[in-house]
Structure formats: C-alpha cells, structure tokens
Amino acid sequence: MQKKKVVALLLTAALMVGCSSGGSTAQESSTAASEPAQSTAANLPEGYPDKPITMICPWGAGGGSDILCRILAQGGEKYLGQPIEVVNRDGAGGVIATTEFLKEKGDGYTILFEGSPVFVSQPKLNEVSYSEDDFRSIIATTEDPIVLTTHKNSPFKTLDEMLEYGKENTIKYGNTGAGGLLDVAQKALYEQIGVQYTGITLSGGEATSSLLGGHIDVIALHPINIMANEESGDFIPMAVFSEERIEQYPDVPTVKELGYDMQFEIWKMIMAPKDTPDEIIEYLYEGFNNIMNDPDLRQKIEATGTDIIPEGENTPEATDARLKQDVEQTGKVLDDLGLSKTAG
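Computed from a prediction, not measured in an experiment: that's the story for all the values here.

Undergrad: Please clarify how the sheet that holds strand S8 (residues 218-221) should be interpreted in this entry.
TA: Note: strands within a sheet are paired through backbone hydrogen bonds, in either parallel or antiparallel orientation. On the basis of which strands lie adjacent, the open sheet formed by five strands has the order S7-S6-S8-S5-S9 and mixed pairing. Of all strands in the sheet, those bounded by a partner on one side alone are strand S7 (196-201) and strand S9 (235-240). The mean angle between the axes of side-by-side strands here comes to 30°, regardless of whether they run parallel or antiparallel. Examined bridge by bridge, strand S6 (residues 170-175) and S7 share six bridges and lie parallel to one another. Looking across to S7, one finds that Gly-174 is bridged to Ile-200.

Written out as structure tokens, the structure reads:
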C-alpha cells in the first residue's frame, strides 16, 4: 500500500510538469512511446490515420482526468500509429467541451475523453443540448472512487464532527464542476445530514490548492488528487461514496457505514462523433485497449489509484449499455433527492 502511494506521488509530480500549458504537443504526447510506430489494431481504414489524433479533455490541466489522458497519450504512436495530442477545454463540469464536440466531424482525428457525470447528472441538473445518443462510445477506461476530504487545519476531521460544525456554521465545499457527480455526491450528503453549505466551483488544478490553502473546508476528490498531499498529513480522507471501502484507504468508512444510504462513483470513457464509421470505432477501440494493456502504461494508470475497467466490459457496446443504465438509475436518485431540475 505504501509503495503504491509513493509511486502515485512520483507519477503525479512527473505528469504535472507537462500540464502547465494545458495541452501537449505531438512530441510530448509520445515521450514514453519511443519505439517505432506499430499499430496492432485490425481493419485499418485506408489512409487512416495520417496525422496526429486530438483528444479533448473537458477538465483543467493537473486534475485526475488530465493526468489519465496524458498517460493514454503516451501510447499513441505505438498503438495507433500517430501521436495523441491532449487539449484541455475546461468549463461547466464538462458541458462546454461536450457541447462544442457536437460540431466535430466523425473522421477519427478528434475524440473526446469523458466522465459519466456529463451524461448522467448534468442533464438532470442543468439545461444541456446533448444526450448520450449524440455520441459513439469507443472504450470505457477506468472507474474512480469518490472520497470526501478535508484538510489538517479544518474545524472538523470526521463526518460526525462536520455534522456538529454544520449546525452552526456554513460549510464551504469545493467542486470541479457544478452538476458533476463530485458536486452531486456532496450536495446529496449535506442535504441528508441537514447542514448549511455553499459550493465553490474550481478547476481541476485549483481544487487541491484551495483545500491546502483553507479557502474551502471540504471537497470530494479521487485518490490521485489526494495521494500527493496525504503523506504530509495535509489532506484527511473522511468517507468514501463507494459501496464498499476502497483499497487505497481501507480504514476510511463508507458514507453508508456512517448511516447515509447513498452511493456514487465516476467512470471514464472515450467517445467519438455520432457519424464516425464502424471501422474507425473498431480501430480506435483496439488501439486504446492495447494502450490500456501495455505493461508500463497500465502500471502508471493503476498507480494513480483508479481501477481499470476489464476487457469485455470496456467495449463500445458495453460502454453504451452501461451509460444508458446509469443515466436512468442516477436520474431516479437525483429525482428522489429533490436535486433534479424537474424534481417536484
């Protein structure tokens, strides 16, 4: 466990160096893939790909999604035959980039890294001009636990202490996009606990620095965002929103254990425009599946504390089915909690 966290710390530091510009060049994207390009995907469309592939990340540089995108990009030349250039388009919890992506052509040269909340919770909480039916799934990549986290100078260190504090004080909580599951999970919990709260929207990179600086009291984060500061004792995980305790923090209870019946988790996927041909979807799936199974890159992904979605569950068809199920199930939860814009 300790070794895994140390690896994650070193990995985060290394990747953050390349995040300052908000995007990566073809040369930066393929640093770890220095071997000659050798696509292993079958059914390569004629002439494709003959230029770099752009992957849009709808969140800011330095966040967990950005870090994962840049790990995946390192396998571009080896497994897709071209570099992958990561472009960050932060804003509105992924809604801005997702909406803009509707204009992209289905030629396989611009793809979209996504988190399930963009389709699962955002349309229930905000007016959006898209649905999951407007895109084609390429591959499901990873699942990320949600951890409610405070800082060492916070007036509370446990959920019970937060409950007492919130009776007389307004809890300032951070989120990396209003309407995302990191936001929704917190709102659902604070509503059920019955505390006063106010939300502050931050970019991916700002989230941890704002918590460190005490500008917010608490925030829901993924393990990758916590590990870099946990060793120093700056961050204190209080509860996880998963069904069971997670490997990274076996001593941290679930919110269900603490008496609050709810569960939230985020999973990630890569998508393409709706008019993308089947052969390009197949090519991209096989290429990204090979990237996910590359021993070096897989180790880097696992070191971030995220869980890789296994083969068989990550195909375009399986991704579509899971997304539709999540849209329906989480939508009902949001309605029942009174958080949906149509609730009541």
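Back to the text.
Undergrad: Where do I start with the environment of Ala-92 in this structure?
TA: As for its placement among the helices and strands, Ala-92 is situated in the loop between strand S2 (84-88) and helix H5 (95-101). The partly exposed category is assigned to Ala-92, whose relative accessible area is 45%. For the pair formed by Ala-92 and Ala-178, sequence separation is 86 residues and the distance between their alpha carbons is 6.5 Å.

Undergrad: Looking at this structure, I do not really get helix H12 (residues 278-293). What am I missing?
TA: Turn by turn, an α-helix covers 3.6 residues, leaving residues three or four places apart pointing in a common direction. Taking 1.5 Å of rise per residue, 16 residues should cover 22 Å, and H12 covers 22 Å from first to last C-alpha, within 8% of that figure. What H12 keeps buried is the set Ile-280, Ile-281, Tyr-283, Leu-284, Tyr-285, Gly-287, Phe-288, Asn-289, Ile-291 and Met-292.

Undergrad: So what exactly am I meant to see when it comes to the packing of H12 against helix H13 (residues 295-303) here?
TA: Helix-helix packing: each pair is described by the crossing angle between the helix axes and the interaxial distance. Where H12 meets H13, the closest approach of the two axes is 5 Å, and the angle between their N-to-C directions is 75°. Of the possible angle classes, the one that applies to H12 and H13 is roughly perpendicular. Of the residues in H13, those touching H12 at Ile-291, Met-292 and Asn-293 are Pro-295, Leu-297, Arg-298 and Ile-301. Residues of the contact of H12 with H13, tallied by class, amount to five nonpolar, one polar and one charged.

Undergrad: Help me understand the sheet that holds strand S4 (residues 135-144), please; the structure alone is not making it clear to me.
TA: If you trace the six strands from one edge of the open sheet to the other, you get S2-S1-S3-S10-S4-S11, paired in mixed fashion. Only two strands of the sheet have a single partner each, and these edge strands are S2 and strand S11 (307-308). Examined bridge by bridge, strand S3 (residues 110-115) and strand S10 (residues 266-273) share four bridges and lie antiparallel to one another. What sits directly across from Gly-115, in S10, is Lys-268. Across the face of the sheet, H12 comes into contact with strand S1 (53-57), S2, S3, S4, S10 and S11 while running at roughly 15° to S4.

Undergrad: Mind showing me how you'd approach the side chain of Lys-268 here?
TA: Residue placement: Lys-268 occurs in strand S10. Side-chain polar atoms of Lys-268 contact the side chain of Asp-144, separated by 3.1 Å. Residues in contact with Lys-268, not counting those within four places in the same chain, are Ser-65, Phe-113, Glu-114, Gly-115, Ala-140, Thr-141, Thr-142, Asp-144, His-222 and Ile-309.

Undergrad: What is the right way to read the packing of aromatic side chains from this model?
TA: The relative placement of two aromatic rings is captured by the distance of their centres and the angle of their planes. A full pass over the atoms with the stated rule returns 11 aromatic pairs. Here the aromatic rings of Phe-119 and Phe-135 are separated by 5.4 Å at their centres, their planes lie at 70°, and the arrangement is edge-to-face. Taken together, the positions of Phe-119 in helix H6 (residues 117-120) and Phe-135 in strand S4 put the pair 16 residues apart, joining distant regions of the chain. Each ring, one from Phe-241 and one from Phe-264, has its centre 6.3 Å from the other, and the planes form 65°; the classification is edge-to-face. Pair noted here: Phe-241 is in the loop between S9 and S10 and Phe-264 is in the loop between S9 and S10, with a separation of 23 residues, a long-range link. Residue Phe-264 is classed as buried on the basis of its relative accessible area of 4%. Above the ring of Tyr-109, the side-chain terminus of Lys-51 is found at 4.7 Å from the ring centroid. Note that Arg-322 overlies the ring of Trp-267, its terminal NZ or CZ placed 4.3 Å from the centroid.

Procedures and definitions
Every chain's residues receive numbers from 1 upward, in the order its sequence appears when written. Since the coordinates come from a predicted model, pLDDT governs what is reported: local features require at least 70, and pairs of side-chain atoms require 80 or more to be given and counted, while whole-chain, interface and lining totals use all residues. Computation of side-chain values: all heavy atoms of the structure, hydrogens and water removed. Strand pairing requires that DSSP identify at least two bridges connecting the strands. The helix and strand labels rest on DSSP assignments: H or I over at least four residues marks a helix, E over at least two residues marks a strand, and numbering proceeds from the N terminus. To obtain each axis, a line is fitted to C-alpha atoms, and for helices this fit is confined to the stretch in contact; angles are then taken between N-to-C directions over 0 to 180 degrees. Partly exposed residues are those whose accessible area sits between 20% and 50% of the maximum for their type, while under 20% is buried and over 50% is exposed, using a 1.4 Å probe and protein chains only. Expected helix span is taken as 1.5 Å per residue step, with the number of steps being one fewer than the number of residues. Oblique is the label for any angle not under 35 degrees, not over 145, and not in the 65 to 115 range, which are roughly parallel, roughly antiparallel and roughly perpendicular in turn. What makes two residues a contact is simply this: any of their non-hydrogen atoms within 4.5 Å. Three categories are distinguished: nonpolar for Ala, Val, Leu, Ile, Met, Phe, Trp, Tyr, Cys and Pro, charged for Asp, Glu, Lys and Arg, and polar for the others, with Gly belonging to the last. Polar contact is the term for a pair of N or O atoms within 3.5 Å; when the atoms are in protein, one must be able to donate a hydrogen and the other to accept it, and sequence-neighboring residues count only if both atoms are side-chain atoms. Pairs were defined over the aromatic rings of Phe, Tyr and Trp, the Trp ring being its six-membered one, requiring ring centres within 6.5 Å. Orientation was assigned from the angle between planes: stacked under 30 degrees, edge-to-face over 60, tilted for the rest. In this scheme, Lys NZ or Arg CZ marks a charge over a ring once it lies within 6 Å of the ring centre and within 35 degrees of the ring normal.

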